[in-house]
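Residue-level listing of the chains:
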Amino acid sequence: MNAYQHILLAVDFMPGVENVCRRAHELAECTGAQLSVIHVVEPVVMAPPYEGVPSLPVDFEEQMLKSTQDSLKQLVEKEAMQDAGWSVEVGSVKWTIIEYAKEQNVDLIVIGSHGRHGLERLLGSTANAVLHAAPCDVLAVHIENR
Ligand code: AMP
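None of these values were measured; they are calculated from a predicted model.

Asks: Which residues make up the pattern of salt bridges, and what values do they have?
Replies: One pass over the structure, following the stated rule, counts 7 salt bridges. Between Glu79 and Lys78 there is a salt bridge, with the nearest N and O atoms lying 3.9 Å from each other. Accessibility expressed as a relative area gives 10% for Glu79, which makes it buried. Look at Lys78 and you get exposed, because its relative accessible area is 56%.

Printed below as a string of structure tokens:
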């Protein structure tokens, strides 16, 4: 049996994302695992309009989702991951990744890690948060801080 059956790659669109994609893609090819790519959009809080402050268009969230889906599709194509399934989900980044992994029987989550130190580490990173709640293995791919 292969080491991994279903790998979940969690991506943002920040510098260094290509390395994280490449590592997940290589692993999926080596193990023959299914690869899924996820990006999570945090929900937009629609505050009531205040005088002088323009309110957001009613379909703002829909537009944002659509443009995020386009960006994710482009990233998947650019990184030659056409065989991978991909989806944009709305929710808390950490819990959405964890829930998706549970529901889809993911056995490895691949995530980027900036290797932060000191206060930044105490405040927590996505990689750290996911690692401590994950139902499966987690690979934190090092991202060079710029
Ligand atoms: P961070 O520690 O928040 O800078 O993010 C580290 C890693 O968490 C990124 O390289 C991604 O793998 C993952 N990540 C961060 N934000 C998101 C997001 N909105 N959706 C999916 N994965 C994310």
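That covers the picture; the talk isn't over yet.
Asks: Which residues make up the nonpolar core, and what values go with them?
Replies: Within soluble globular proteins, side chains that are nonpolar generally end up buried alongside one another. Grouped together as the largest cluster of nonpolar side chains are 23 residues, with contacts concentrated most on Ile7, Leu9, Val11, Leu35, Val37, Met81 and Val110. Only β1 (6-10), α1 (17-31), β2 (34-41), α2 (60-78) and β4 (108-113) provide two or more residues apiece to this core. For this core, the element with the most residues is α1, which contributes 5 residues. Dropping the residues within four chain positions of it, Leu9 is found in contact with Val20, Cys21, Ala24, Leu35, Ser36, Val37, Ile38, Met81 and Val110.

Asks: Please set out the side chain of Ser36 residue by residue, giving values where relevant.
Replies: Take Ser36: it is sitting in strand β2. Of the residues examined, Ser36 reaches a relative accessible area of 4% and is grouped as buried. At a separation of 2.7 Å, a polar atom in the side chain of Ser36 contacts the side chain of His6. Non-local contacts of Ser36, meaning those with residues more than four positions away in its chain, are made with His6, Ile7, Leu8, Leu9, Gly85 and Tyr100.

Asks: Summarise the site of the ligand; cite the residues concerned and give the values.
Replies: Near the ligand there are 15 residues, and of these Ala10, Val11, Val40, Gly112 and Thr126 occur at the shortest range. Relative to its unbound accessible surface of 480 Å², the ligand loses 88% to contact with the protein. Counting only elements with at least two residues in the shell around the ligand, the list comes to β2, α3 (93-103) and β4. In terms of residue count, the dominant contributor to the shell around the ligand is β2 (3 residues). Among the residues making up the shell around the ligand, the classes are represented as 8 nonpolar, 5 polar and 2 charged.

Rules behind the numbers
Residues numbered from 1 in each chain as written. Predicted model: local features only at pLDDT ≥ 70, side-chain atom pairs only at ≥ 80, totals over all residues. Heavy atoms only, no water. Salt bridge = Lys/Arg side-chain N within 4 Å of Asp/Glu carboxyl O. Buried < 20%, exposed > 50% of the residue type's maximum accessible area, 1.4 Å probe, protein only. Core = buried A, V, L, I, M, F, W, Y, C linked by side-chain atoms within 4.5 Å. Helix = DSSP H or I, 4+ residues; strand = E, 2+ residues; numbered from the N terminus. Contact = heavy atoms within 4.5 Å. Polar contact = N/O pair within 3.5 Å; in protein donor to acceptor, adjacent residues only side chain to side chain. Near = heavy atom within 4 Å. Areas by Shrake-Rupley, 256 points an atom, 1.4 Å probe, with all protein chains shown as cover. Nonpolar A, V, L, I, M, F, W, Y, C, P; charged D, E, K, R; others polar.

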